Each structure stands twice: as C-alpha cells, then as structure tokens.
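# Close look at the chain arrangement
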Amino acid sequence: MPSFDIVSKVDGQTLDNAVNVTRKEITNRFDFKGSHVVMELDKKTYVLSLEADSDMKMEQMIDVLISRSIKQGLDGQAFDLTKEGYQSGKVWKKEVPVRNGLKQEDAKKIVKMIKDSGAKVQAAIMDDIIRVTGKKIDDLQDVIAKCRGGNFGIPLQYVNMKS
C-alpha cells in the first residue's frame, strides 16, 4: 500500500543559521546602532527570546527574522507570534516559540479535512506525524494538494513517500 507522512518539523541547524543571520543584520543596521537588542535561541525548547528598546524595534526584529528565515528555507508560519511582548523596565521582551512537531488538535484538524474530502485513503495520527495510506498514488497526491490548499496556520512537510 502506498503511503506518506505529514509532519511539521523545523531543522535546528537551519533555524540557528537564520537567527545568526538576523542577529548580524540587525547589529549592522543604522537604526539599531547603540540600541539594546538581544536575540537568543534556546535549542532544546525551540524558543526565541527577543529584547529591544521599543515595541517598534521589536516588530522590526521580527520582520527581519521572518524574511531571513524564509530565505534560509524555513516557513514563516513556524514562528508562533500570538503572544504579546511585555515591557520590563526600559526594555521590551518577547518569547517566540518555534512550532516543531504537530500538536494533537492540529493533527485532528488535518485528519478531519482528509476524511471530509472523500478521498479513498486512511489517515492515522502517530505521535507528531500523520500517516496517510491509500491504494493509488494519485489519491495520495490529491491529499497532498488539498493539504497545501488548506490553511492550517502551521508549516507542513510531506515525507517518506512509499509505493
């Protein structure tokens, strides 16, 4: 039976490169000269800690981070920007978690969309991956096309295609 896996993984080395390129660009920018700017990546928990003098500089840091990450090959949706920044003294701080792996509720949404599409495939959730199996490779390719068209708010990769 042909099958493939749907995952949402972020390569740690690529993420680290994107953070380093962003940090280097921000230190070289004229509007950040003499400013307090800190960008740290916790490689175990995949959380970015950002600090800046003002909320405006924080937004500029995030914009540069997303644009550099896209150039490095990461999806911009990998960064969870839903948490608001907070002010601590004169410094704005923000924690930006990086989405790595499918959460259970996201996996359930994807499986529901696959089942509602009417494709003759079976989708099973296995920890943080979804295994999709079917009789024809064409059915699997249709599922990939539908998943790319569906806006789930997370970056998806389609790996381990077996026929």
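Coordinates for the structure precede this section.
To keep things clear, this report deals only with the structure shown in the data block. These numbers come from a predicted model, not from an experiment.

All right, on to the packing of aromatic side chains then. Working definition: an aromatic ring pair is given by the centre-to-centre distance plus the angle between the planes. Scanning the entire structure with this criterion turns up one aromatic pair. Ring geometry for phenylalanine 4 versus tyrosine 158: centroids 6.3 Å apart, planes at 65°, classification edge-to-face. Taken as a pair, phenylalanine 4 in strand β1 (residues 3-7) and tyrosine 158 in strand β8 (residues 157-162) lie far apart in primary sequence, 154 residues in all. The same class applies to phenylalanine 4 as to tyrosine 158, namely buried.

Glancing now at the packing of helix α1 (residues 12-28) against helix α2 (residues 55-72). Axis angle and axis distance: for two packed helices, these are the angle between their axes and the distance between the axes, and together they describe the pair. In contact at an axis separation of 9 Å, α1 and α2 are set at 135° when each is read in the N-to-C sense. Considering the angle they form, α1 stands oblique to α2. Crossing of α1 over α2 shows right-handed handedness. Between α1 and α2, the contacting residues are Thr14, Asn17, Ala18, Val19, Val21, Thr22, Glu25 and Ile26 on the first element and Met61, Val64, Leu65, Arg68, Ser69 and Gln72 on the second. For the contact of α1 with α2, the class distribution of residues is seven nonpolar, five polar and two charged.

Attention shifts here to the sheet that holds strand β2 (residues 38-42). Taken together, the four strands give an open sheet; going across it, the order is β2-β3-β5-β4, and neighbouring strands pair in antiparallel fashion. The sheet terminates laterally at β2 and β4 (86-88), the two strands that pair on one side only. Averaged over all pairs of adjacent strands, the angle between their axes in this sheet comes to 25°, without regard to strand direction. Of the strand pairs in this sheet, strand β3 (residues 47-52) and strand β5 (residues 91-97) are connected by six bridges, and their pairing is antiparallel. Paired with serine 49 across the strands is glutamate 95, a residue of β5. Across the sheet, α2 is in contact with β2, β3 and β5; its angle to β3 comes to roughly 140°.

Once that is clear, we can look at the pattern of salt bridges. The full count for this structure, using the stated rule, is seven salt bridges. A salt bridge links glutamate 25 to arginine 68; the shortest N-O distance between them is 2.4 Å. Residue glutamate 25 is found in helix α1, and its partner arginine 68 is found in helix α2; the two are separated by 43 residues along the sequence. A relative accessible area of 23% places glutamate 25 in the partly exposed class. For arginine 99, the salt bridge goes to aspartate 80, with nearest N and O atoms at 3.3 Å. Here arginine 99 is found in the loop between β5 and α3 (104-116), whereas its partner aspartate 80 is found in the loop between α2 and β4, with 19 residues between them in sequence. Note on aspartate 80: relative accessible area 15%, which makes it buried.

Reading the values: the criteria
- Residues numbered from 1 in each chain as written.
- Predicted model: local features only at pLDDT ≥ 70, side-chain atom pairs only at ≥ 80, totals over all residues.
- Heavy atoms only, no water.
- Phe/Tyr/Trp six-rings, centres within 6.5 Å; stacked < 30°, edge-to-face > 60°.
- Helix = DSSP H or I, 4+ residues; strand = E, 2+ residues; numbered from the N terminus.
- Buried < 20%, exposed > 50% of the residue type's maximum accessible area, 1.4 Å probe, protein only.
- Axes fitted to C-alpha atoms, helices over the stretch in contact; angles between N-to-C directions.
- Parallel < 35°, antiparallel > 145°, perpendicular 65-115°, else oblique.
- Left-handed = near helix turned anticlockwise from the far one by under 90°.
- Contact = heavy atoms within 4.5 Å.
- Nonpolar A, V, L, I, M, F, W, Y, C, P; charged D, E, K, R; others polar.
- Pairing = 2+ DSSP bridges.
- Salt bridge = Lys/Arg side-chain N within 4 Å of Asp/Glu carboxyl O.

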